[in-house]
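Reading the structure
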Amino acid sequence: MSDNKGVLIYGEVDGENMSSVVTELLGIGRKLADARKERLSVVLIDKNANACAGDAITFGADRVYVIEDVPADKYEGASHAAIMEKLCSESVNPAIILLGQTINGRDLAPRLAFRFDAGLTMDCIGLEIDPESKRLLAQKPVAGGNVIATYSMKDDRVQLATIRRKTMEPLTPDESRQGEVTVVPSGVDASAVKTKVINTVREESEGPDLENADVVVTGGRGVGTPEEFETHITNGLAKVLGAAVGGTRAAVDFGLVPEQQQVGLTGKIVGPTLYIAVALSGAIQHITGCAGSKNIVAINKDENAQIFKFSRFGIVGDYKKVMPPLIERLNQIVS
Ligand SMILES: Cc1cc2nc3c(=O)[nH]c(=O)nc-3n(C[C@H](O)[C@H](O)[C@H](O)COP(=O)(O)OP(=O)(O)OC[C@H]3O[C@@H](n4cnc5c(N)ncnc54)[C@H](O)[C@@H]3O)c2cc1C
(Lines give C-alpha, C1' and ligand atoms only; values in the text may rest on other atoms or scores of the structure.)
Protein backbone atom coordinates (compact mmCIF):
# COMPACT_ATOMS: atom_id res chain seq x y z
CA MET A 1 0.00 0.00 0.00
CA SER A 2 1.07 3.59 -0.58
CA ASP A 3 1.87 6.16 2.13
CA ASN A 4 -1.45 7.88 1.54
CA LYS A 5 -3.85 7.31 4.44
CA GLY A 6 -7.40 8.10 5.43
CA VAL A 7 -10.63 9.11 3.77
CA LEU A 8 -11.23 12.77 2.89
CA ILE A 9 -14.66 14.13 2.07
CA TYR A 10 -15.19 17.26 0.04
CA GLY A 11 -17.96 18.85 2.11
CA GLU A 12 -20.29 21.21 0.31
CA VAL A 13 -21.85 24.03 2.29
CA ASP A 14 -25.36 25.29 1.53
CA GLY A 15 -25.87 28.72 3.13
CA GLU A 16 -25.04 28.25 6.80
CA ASN A 17 -25.35 24.46 6.82
CA MET A 18 -23.59 21.42 5.48
CA SER A 19 -25.35 20.17 2.37
CA SER A 20 -27.43 17.04 3.13
CA VAL A 21 -25.29 14.98 0.76
CA VAL A 22 -22.33 15.52 3.12
CA THR A 23 -24.09 13.62 5.92
CA GLU A 24 -24.52 10.72 3.46
CA LEU A 25 -20.85 10.92 2.48
CA LEU A 26 -19.87 10.93 6.16
CA GLY A 27 -22.00 7.81 6.74
CA ILE A 28 -20.19 5.77 4.09
CA GLY A 29 -16.86 7.51 4.71
CA ARG A 30 -16.97 6.37 8.36
CA LYS A 31 -17.43 2.74 7.26
CA LEU A 32 -14.56 2.95 4.77
CA ALA A 33 -12.22 4.63 7.23
CA ASP A 34 -13.05 2.05 9.93
CA ALA A 35 -12.48 -0.80 7.49
CA ARG A 36 -9.02 0.59 6.75
CA LYS A 37 -8.50 1.55 10.42
CA GLU A 38 -7.76 5.09 9.33
CA ARG A 39 -9.05 8.58 9.92
CA LEU A 40 -12.10 10.23 8.36
CA SER A 41 -11.61 13.89 7.48
CA VAL A 42 -13.82 16.44 5.82
CA VAL A 43 -12.84 19.71 4.19
CA LEU A 44 -15.29 22.60 4.15
CA ILE A 45 -14.37 25.39 1.72
CA ASP A 46 -16.76 28.27 2.28
CA LYS A 47 -16.97 31.56 4.11
CA ASN A 48 -19.41 29.85 6.53
CA ALA A 49 -17.32 26.68 6.90
CA ASN A 50 -16.61 27.10 10.60
CA ALA A 51 -20.31 27.17 11.44
CA CYS A 52 -20.69 23.64 9.99
CA ALA A 53 -17.59 22.05 11.53
CA GLY A 54 -19.41 20.81 14.65
CA ASP A 55 -22.09 19.11 12.53
CA ALA A 56 -19.43 17.31 10.50
CA ILE A 57 -18.03 15.78 13.71
CA THR A 58 -21.50 14.93 15.01
CA PHE A 59 -22.13 13.01 11.78
CA GLY A 60 -18.90 11.01 11.95
CA ALA A 61 -15.78 13.04 11.03
CA ASP A 62 -12.58 12.69 13.06
CA ARG A 63 -11.08 15.88 11.68
CA VAL A 64 -12.51 18.92 9.91
CA TYR A 65 -10.40 21.21 7.75
CA VAL A 66 -12.02 24.64 7.67
CA ILE A 67 -11.06 26.95 4.80
CA GLU A 68 -12.88 30.25 4.98
CA ASP A 69 -10.62 32.65 3.06
CA VAL A 70 -12.14 31.60 -0.25
CA PRO A 71 -11.08 33.59 -3.33
CA ALA A 72 -14.63 33.49 -4.79
CA ASP A 73 -17.98 33.86 -3.03
CA LYS A 74 -19.57 30.83 -4.67
CA TYR A 75 -18.15 27.47 -5.75
CA GLU A 76 -15.59 27.92 -8.54
CA GLY A 77 -14.00 24.82 -10.01
CA ALA A 78 -10.46 25.96 -10.75
CA SER A 79 -9.88 27.59 -7.35
CA HIS A 80 -11.47 24.72 -5.38
CA ALA A 81 -9.30 22.26 -7.31
CA ALA A 82 -6.21 24.32 -6.46
CA ILE A 83 -7.21 24.50 -2.78
CA MET A 84 -7.86 20.74 -2.62
CA GLU A 85 -4.58 19.93 -4.34
CA LYS A 86 -2.65 22.09 -1.91
CA LEU A 87 -4.45 20.70 1.14
CA CYS A 88 -4.04 17.09 0.06
CA SER A 89 -0.39 17.31 -0.88
CA GLU A 90 0.72 19.47 2.07
CA SER A 91 -1.50 18.30 4.94
CA VAL A 92 -3.90 15.39 4.45
CA ASN A 93 -2.35 12.98 1.95
CA PRO A 94 -5.60 10.95 1.70
CA ALA A 95 -5.95 7.49 0.17
CA ILE A 96 -9.60 8.03 -0.73
CA ILE A 97 -11.43 11.23 -1.67
CA LEU A 98 -15.24 11.21 -1.74
CA LEU A 99 -17.48 13.84 -3.31
CA GLY A 100 -21.23 14.05 -3.92
CA GLN A 101 -22.54 13.41 -7.42
CA THR A 102 -23.80 16.99 -7.35
CA ILE A 103 -23.31 19.86 -9.79
CA ASN A 104 -20.16 20.90 -7.91
CA GLY A 105 -18.93 17.35 -7.25
CA ARG A 106 -19.30 16.40 -10.91
CA ASP A 107 -17.23 19.42 -11.86
CA LEU A 108 -14.54 19.06 -9.19
CA ALA A 109 -13.93 15.28 -9.17
CA PRO A 110 -12.44 15.03 -12.70
CA ARG A 111 -10.28 18.11 -12.05
CA LEU A 112 -8.86 16.42 -8.94
CA ALA A 113 -8.38 13.07 -10.67
CA PHE A 114 -6.39 14.88 -13.36
CA ARG A 115 -4.29 16.81 -10.85
CA PHE A 116 -3.53 13.67 -8.81
CA ASP A 117 -3.21 11.43 -11.87
CA ALA A 118 -5.62 9.16 -10.00
CA GLY A 119 -8.55 6.85 -10.76
CA LEU A 120 -12.09 8.18 -10.38
CA THR A 121 -15.40 6.28 -10.34
CA MET A 122 -18.39 8.59 -10.71
CA ASP A 123 -22.04 8.18 -9.72
CA CYS A 124 -21.46 5.34 -7.26
CA ILE A 125 -24.33 3.71 -5.40
CA GLY A 126 -22.20 1.45 -3.20
CA LEU A 127 -18.67 1.57 -1.78
CA GLU A 128 -16.67 -0.92 0.25
CA ILE A 129 -13.11 -1.81 1.07
CA ASP A 130 -11.59 -4.98 -0.32
CA PRO A 131 -10.65 -6.85 2.89
CA GLU A 132 -7.36 -8.10 1.43
CA SER A 133 -5.98 -5.29 -0.70
CA LYS A 134 -7.75 -2.50 1.30
CA ARG A 135 -8.55 -0.90 -2.04
CA LEU A 136 -11.80 0.87 -2.71
CA LEU A 137 -14.45 -1.17 -4.52
CA ALA A 138 -16.97 1.15 -6.16
CA GLN A 139 -20.35 0.03 -7.48
CA LYS A 140 -22.24 1.98 -10.13
CA PRO A 141 -25.06 1.30 -12.58
CA VAL A 142 -23.98 0.81 -16.20
CA ALA A 143 -25.64 -0.23 -19.47
CA GLY A 144 -28.66 2.00 -18.90
CA GLY A 145 -29.00 0.84 -15.30
CA ASN A 146 -29.42 -2.83 -16.25
CA VAL A 147 -26.12 -3.89 -14.66
CA ILE A 148 -24.37 -2.86 -11.45
CA ALA A 149 -20.62 -2.95 -12.12
CA THR A 150 -17.90 -2.97 -9.45
CA TYR A 151 -14.77 -0.94 -10.16
CA SER A 152 -11.39 -1.17 -8.49
CA MET A 153 -8.91 1.55 -9.31
CA LYS A 154 -5.54 0.51 -10.66
CA ASP A 155 -3.41 2.89 -8.66
CA ASP A 156 -4.24 2.80 -4.92
CA ARG A 157 -2.24 5.94 -4.08
CA VAL A 158 -5.32 8.17 -4.31
CA GLN A 159 -8.73 6.79 -5.28
CA LEU A 160 -11.65 9.10 -5.98
CA ALA A 161 -15.39 8.46 -6.12
CA THR A 162 -18.52 10.55 -6.41
CA ILE A 163 -21.64 9.26 -4.66
CA ARG A 164 -25.18 9.45 -5.95
CA ARG A 165 -27.51 11.27 -3.52
CA LYS A 166 -29.78 9.20 -1.30
CA THR A 167 -27.85 5.99 -1.81
CA MET A 168 -25.92 6.11 1.49
CA GLU A 169 -27.35 6.26 5.01
CA PRO A 170 -26.15 9.10 7.26
CA LEU A 171 -25.12 8.06 10.76
CA THR A 172 -27.36 8.97 13.66
CA PRO A 173 -25.93 12.31 14.86
CA ASP A 174 -23.97 11.91 18.08
CA GLU A 175 -23.41 15.16 19.98
CA SER A 176 -20.85 13.48 22.23
CA ARG A 177 -18.49 12.63 19.36
CA GLN A 178 -15.11 14.29 19.61
CA GLY A 179 -13.08 15.56 16.68
CA GLU A 180 -10.47 18.12 15.71
CA VAL A 181 -11.17 21.29 13.79
CA THR A 182 -8.20 22.77 11.93
CA VAL A 183 -8.45 26.15 10.26
CA VAL A 184 -6.29 26.14 7.15
CA PRO A 185 -5.52 29.07 4.84
CA SER A 186 -6.71 28.39 1.31
CA GLY A 187 -3.26 29.21 -0.04
CA VAL A 188 -4.71 30.46 -3.30
CA ASP A 189 -5.66 34.00 -4.26
CA ALA A 190 -8.03 35.54 -6.76
CA SER A 191 -5.67 34.68 -9.65
CA ALA A 192 -6.68 31.00 -9.22
CA VAL A 193 -10.27 31.90 -10.09
CA LYS A 194 -10.84 31.22 -13.78
CA THR A 195 -14.61 31.56 -14.08
CA LYS A 196 -17.27 33.78 -12.54
CA VAL A 197 -20.80 32.77 -11.57
CA ILE A 198 -22.93 35.62 -12.87
CA ASN A 199 -26.29 34.39 -11.65
CA THR A 200 -27.90 31.35 -10.05
CA VAL A 201 -31.56 30.53 -10.57
CA ARG A 202 -33.42 28.28 -8.17
CA GLU A 203 -35.82 25.88 -9.87
CA GLU A 204 -39.37 26.87 -8.93
CA SER A 205 -41.77 24.08 -8.13
CA GLU A 206 -44.98 23.77 -6.18
CA GLY A 207 -45.14 21.61 -3.06
CA PRO A 208 -42.27 19.85 -1.33
CA ASP A 209 -38.90 19.47 -3.01
CA LEU A 210 -38.84 16.04 -4.69
CA GLU A 211 -35.28 15.13 -3.75
CA ASN A 212 -35.70 15.89 -0.06
CA ALA A 213 -39.38 14.98 0.45
CA ASP A 214 -40.39 12.48 3.09
CA VAL A 215 -43.35 11.26 1.03
CA VAL A 216 -43.39 11.01 -2.77
CA VAL A 217 -46.29 9.98 -4.99
CA THR A 218 -45.16 9.02 -8.49
CA GLY A 219 -47.39 8.35 -11.46
CA GLY A 220 -46.54 6.30 -14.53
CA ARG A 221 -47.77 6.08 -18.09
CA GLY A 222 -50.72 3.99 -16.87
CA VAL A 223 -52.24 7.06 -15.20
CA GLY A 224 -53.47 7.97 -18.69
CA THR A 225 -53.87 11.68 -19.34
CA PRO A 226 -52.51 14.95 -17.86
CA GLU A 227 -56.00 15.66 -16.50
CA GLU A 228 -56.17 12.30 -14.75
CA PHE A 229 -52.64 12.84 -13.41
CA GLU A 230 -53.70 16.19 -11.99
CA THR A 231 -56.91 14.84 -10.47
CA HIS A 232 -55.66 11.59 -8.98
CA ILE A 233 -51.97 12.27 -8.28
CA THR A 234 -51.17 16.00 -7.90
CA ASN A 235 -54.50 17.17 -6.45
CA GLY A 236 -55.44 13.74 -5.10
CA LEU A 237 -53.12 11.43 -3.21
CA ALA A 238 -50.11 13.79 -3.16
CA LYS A 239 -52.18 16.68 -1.85
CA VAL A 240 -53.78 14.76 1.00
CA LEU A 241 -50.38 13.38 2.07
CA GLY A 242 -48.50 16.67 1.56
CA ALA A 243 -46.24 14.68 -0.78
CA ALA A 244 -43.93 15.67 -3.61
CA VAL A 245 -45.04 14.54 -7.06
CA GLY A 246 -42.87 12.44 -9.36
CA GLY A 247 -43.28 10.82 -12.75
CA THR A 248 -41.69 8.07 -14.78
CA ARG A 249 -39.89 8.86 -18.00
CA ALA A 250 -42.84 7.47 -19.96
CA ALA A 251 -45.17 9.77 -18.01
CA VAL A 252 -42.88 12.68 -18.90
CA ASP A 253 -42.67 11.63 -22.57
CA PHE A 254 -46.46 11.46 -22.73
CA GLY A 255 -46.79 14.94 -21.23
CA LEU A 256 -48.42 13.82 -17.98
CA VAL A 257 -45.87 15.53 -15.76
CA PRO A 258 -43.03 18.07 -16.32
CA GLU A 259 -39.53 16.76 -17.03
CA GLN A 260 -38.04 18.18 -13.83
CA GLN A 261 -40.24 15.76 -11.88
CA GLN A 262 -38.86 12.62 -13.56
CA VAL A 263 -37.55 10.05 -11.09
CA GLY A 264 -34.91 7.56 -12.18
CA LEU A 265 -31.58 6.99 -13.82
CA THR A 266 -31.88 10.07 -16.01
CA GLY A 267 -34.07 12.00 -13.57
CA LYS A 268 -34.07 12.78 -9.87
CA ILE A 269 -32.93 10.41 -7.13
CA VAL A 270 -35.33 10.26 -4.20
CA GLY A 271 -35.14 8.54 -0.85
CA PRO A 272 -38.37 9.25 1.07
CA THR A 273 -39.82 7.29 3.96
CA LEU A 274 -42.87 6.52 1.80
CA TYR A 275 -42.83 6.18 -2.01
CA ILE A 276 -46.19 5.47 -3.63
CA ALA A 277 -45.85 4.20 -7.20
CA VAL A 278 -49.08 4.50 -9.17
CA ALA A 279 -49.59 2.76 -12.54
CA LEU A 280 -45.92 2.35 -13.31
CA SER A 281 -44.22 -0.89 -14.26
CA GLY A 282 -40.99 -0.67 -12.22
CA ALA A 283 -38.39 -0.61 -15.00
CA ILE A 284 -34.87 -0.82 -13.60
CA GLN A 285 -34.09 2.70 -14.85
CA HIS A 286 -36.96 3.94 -12.70
CA ILE A 287 -36.06 1.82 -9.68
CA THR A 288 -32.53 3.26 -9.79
CA GLY A 289 -34.09 6.58 -8.79
CA CYS A 290 -36.30 5.35 -5.95
CA ALA A 291 -34.53 2.27 -4.55
CA GLY A 292 -33.35 4.31 -1.55
CA SER A 293 -36.98 4.75 -0.38
CA LYS A 294 -37.68 3.17 3.01
CA ASN A 295 -41.13 1.87 2.00
CA ILE A 296 -42.44 1.48 -1.54
CA VAL A 297 -46.18 1.00 -2.00
CA ALA A 298 -47.33 0.08 -5.51
CA ILE A 299 -50.73 0.29 -7.17
CA ASN A 300 -50.87 -1.58 -10.47
CA LYS A 301 -53.55 -3.51 -12.32
CA ASP A 302 -51.03 -6.13 -13.48
CA GLU A 303 -50.22 -8.52 -10.62
CA ASN A 304 -46.98 -9.48 -12.40
CA ALA A 305 -45.71 -5.90 -12.69
CA GLN A 306 -42.05 -5.71 -11.70
CA ILE A 307 -42.70 -2.85 -9.26
CA PHE A 308 -44.24 -5.34 -6.81
CA LYS A 309 -40.84 -7.05 -6.45
CA PHE A 310 -39.48 -3.84 -4.93
CA SER A 311 -42.56 -2.97 -2.87
CA ARG A 312 -43.29 -3.47 0.78
CA PHE A 313 -47.04 -3.24 0.13
CA GLY A 314 -48.87 -3.74 -3.14
CA ILE A 315 -52.42 -3.16 -4.31
CA VAL A 316 -53.46 -5.01 -7.48
CA GLY A 317 -56.22 -3.12 -9.26
CA ASP A 318 -57.22 -0.27 -11.52
CA TYR A 319 -55.85 2.83 -9.82
CA LYS A 320 -59.01 4.76 -10.72
CA LYS A 321 -60.99 2.38 -8.52
CA VAL A 322 -58.35 2.00 -5.80
CA MET A 323 -57.45 5.66 -5.29
CA PRO A 324 -60.78 7.43 -4.56
CA PRO A 325 -61.63 5.37 -1.42
CA LEU A 326 -57.97 5.50 -0.37
CA ILE A 327 -57.90 9.30 -0.69
CA GLU A 328 -61.23 9.57 1.13
CA ARG A 329 -60.00 7.45 4.03
CA LEU A 330 -56.69 9.33 4.23
CA ASN A 331 -58.60 12.61 4.22
CA GLN A 332 -60.59 11.42 7.24
CA ILE A 333 -57.39 10.41 9.04
CA VAL A 334 -55.48 13.66 8.43
CA SER A 335 -58.40 16.10 8.97
C1 LIG B 1 -31.04 4.96 -20.79
C2 LIG B 1 -32.42 4.96 -20.22
C3 LIG B 1 -32.71 5.81 -19.18
C4 LIG B 1 -33.98 5.80 -18.62
N5 LIG B 1 -34.24 6.63 -17.56
C6 LIG B 1 -35.44 6.55 -16.95
C7 LIG B 1 -35.72 7.33 -15.79
O8 LIG B 1 -34.90 8.14 -15.33
N9 LIG B 1 -36.93 7.18 -15.20
C10 LIG B 1 -37.88 6.32 -15.67
O11 LIG B 1 -38.96 6.24 -15.06
N12 LIG B 1 -37.65 5.59 -16.77
C13 LIG B 1 -36.47 5.70 -17.43
N14 LIG B 1 -36.26 4.99 -18.55
C15 LIG B 1 -37.42 4.31 -19.18
C16 LIG B 1 -37.75 2.99 -18.53
O17 LIG B 1 -37.00 1.96 -19.16
C18 LIG B 1 -39.25 2.66 -18.74
O19 LIG B 1 -39.57 2.72 -20.11
C20 LIG B 1 -40.20 3.61 -17.99
O21 LIG B 1 -39.80 3.73 -16.65
C22 LIG B 1 -41.61 3.05 -18.05
O23 LIG B 1 -42.50 3.97 -17.49
P24 LIG B 1 -43.88 3.49 -16.89
O25 LIG B 1 -43.64 2.45 -15.84
O26 LIG B 1 -44.64 4.71 -16.52
O27 LIG B 1 -44.63 2.88 -18.17
P28 LIG B 1 -44.98 1.38 -18.55
O29 LIG B 1 -43.78 0.53 -18.53
O30 LIG B 1 -45.77 1.48 -19.79
O31 LIG B 1 -45.93 0.87 -17.36
C32 LIG B 1 -47.23 1.32 -17.16
C33 LIG B 1 -47.78 0.49 -16.01
O34 LIG B 1 -49.06 0.99 -15.67
C35 LIG B 1 -49.91 -0.08 -15.34
N36 LIG B 1 -51.28 0.39 -15.56
C37 LIG B 1 -51.84 0.80 -16.72
N38 LIG B 1 -53.09 1.23 -16.50
C39 LIG B 1 -53.31 1.09 -15.16
C40 LIG B 1 -54.43 1.38 -14.32
N41 LIG B 1 -55.57 1.91 -14.81
N42 LIG B 1 -54.33 1.10 -13.01
C43 LIG B 1 -53.20 0.55 -12.50
N44 LIG B 1 -52.11 0.27 -13.23
C45 LIG B 1 -52.17 0.55 -14.57
C46 LIG B 1 -49.48 -1.19 -16.30
O47 LIG B 1 -49.85 -2.46 -15.78
C48 LIG B 1 -47.98 -0.99 -16.36
O49 LIG B 1 -47.33 -1.79 -15.38
C50 LIG B 1 -35.00 4.96 -19.14
C51 LIG B 1 -34.69 4.11 -20.19
C52 LIG B 1 -33.42 4.11 -20.74
C53 LIG B 1 -33.11 3.17 -21.86
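Being a predicted model, the structure only gives us computed values, none of them experimental.

Calculation notes
Within every chain, residues take consecutive numbers counted from 1 along the sequence as written. Residue-level local features of this predicted model are given only where pLDDT is at least 70; pairs of side-chain atoms are given and counted only at 80 or more, and the full residue set underlies all totals for whole chains, interfaces and linings. Calculated side-chain values reflect all of the structure's heavy atoms, with hydrogen atoms and water omitted. In this scheme, a residue with accessible area under 20% of its type's maximum is buried, one over 50% is exposed, and one in between is partly exposed, where area comes from a 1.4 Å probe on protein chains only. Note on conventions: DSSP H or I runs of at least 4 residues are helices, E runs of at least 2 residues are strands, and numbering of each starts at the N terminus. By the convention used here, residues are in contact when the closest approach between their heavy atoms is within 4.5 Å. An automatic or database domain assignment supplies the residue ranges for each domain. The quantity reported as buried area is the accessible area (1.4 Å probe) lost by two parts once they are put together, taken as the sum for both. A pair is scored as a salt bridge if a Lys or Arg side-chain nitrogen falls within 4 Å of a carboxyl oxygen belonging to Asp or Glu. Side-chain atoms within 4.5 Å are what join buried Ala, Val, Leu, Ile, Met, Phe, Trp, Tyr and Cys residues into a set we call a nonpolar core.

With respect to helix 2 (residues 49–58)
Listed as buried for helix 2 are Ala-49, Cys-52, Ala-53, Ala-56, Ile-57 and Thr-58. Buried residues in helix 2 make contact with strand 2 (13–14), strand 3 (17–18), helix 1 (20–36), strand 4 (40–45), strand 5 (63–67) and strand 12 (180–183). Gly-60 sits one or two positions beyond helix 2 and adopts a positive phi of about 130°.

Considering the domain arrangement of the chain
On domain assignment, one finds that the chain holds domain 1 (7–192) and domain 2 (210–334). Each of domain 1 and domain 2 was reduced to a C-alpha centroid, and the two centroids are 33 Å apart. Counting from both sides, the interface comprises nine residues of domain 1 and, opposite them, 11 residues of domain 2. In total, domain 1 and domain 2 occlude about 830 Å² of area from one another, counting both sides; carbon and sulfur atoms represent 51% of this. When residues of domain 1 are sorted by the area they lose upon contact with domain 2, Arg-164, Arg-165 and Lys-166 head the list and together hold 57% of the total. Put simply, domain 1 and domain 2 have one salt bridge between them.

Describing the nonpolar core
Counting 35 residues, the largest nonpolar core has Leu-26, Val-42, Val-64, Leu-98 and Leu-127 as its most contacted members. The element contributing the most residues to this core is helix 1, with seven residues. Other than its neighbours up to four places away in sequence, Leu-127 contacts Ile-28, Leu-32, Leu-98, Leu-136, Leu-137, Ala-138, Gln-139, Ala-161, Ile-163 and Met-168. Counting residues in hydrophobic clusters, the runner-up holds 28 residues, among them Val-43, Tyr-65, Val-158 and Ala-192.

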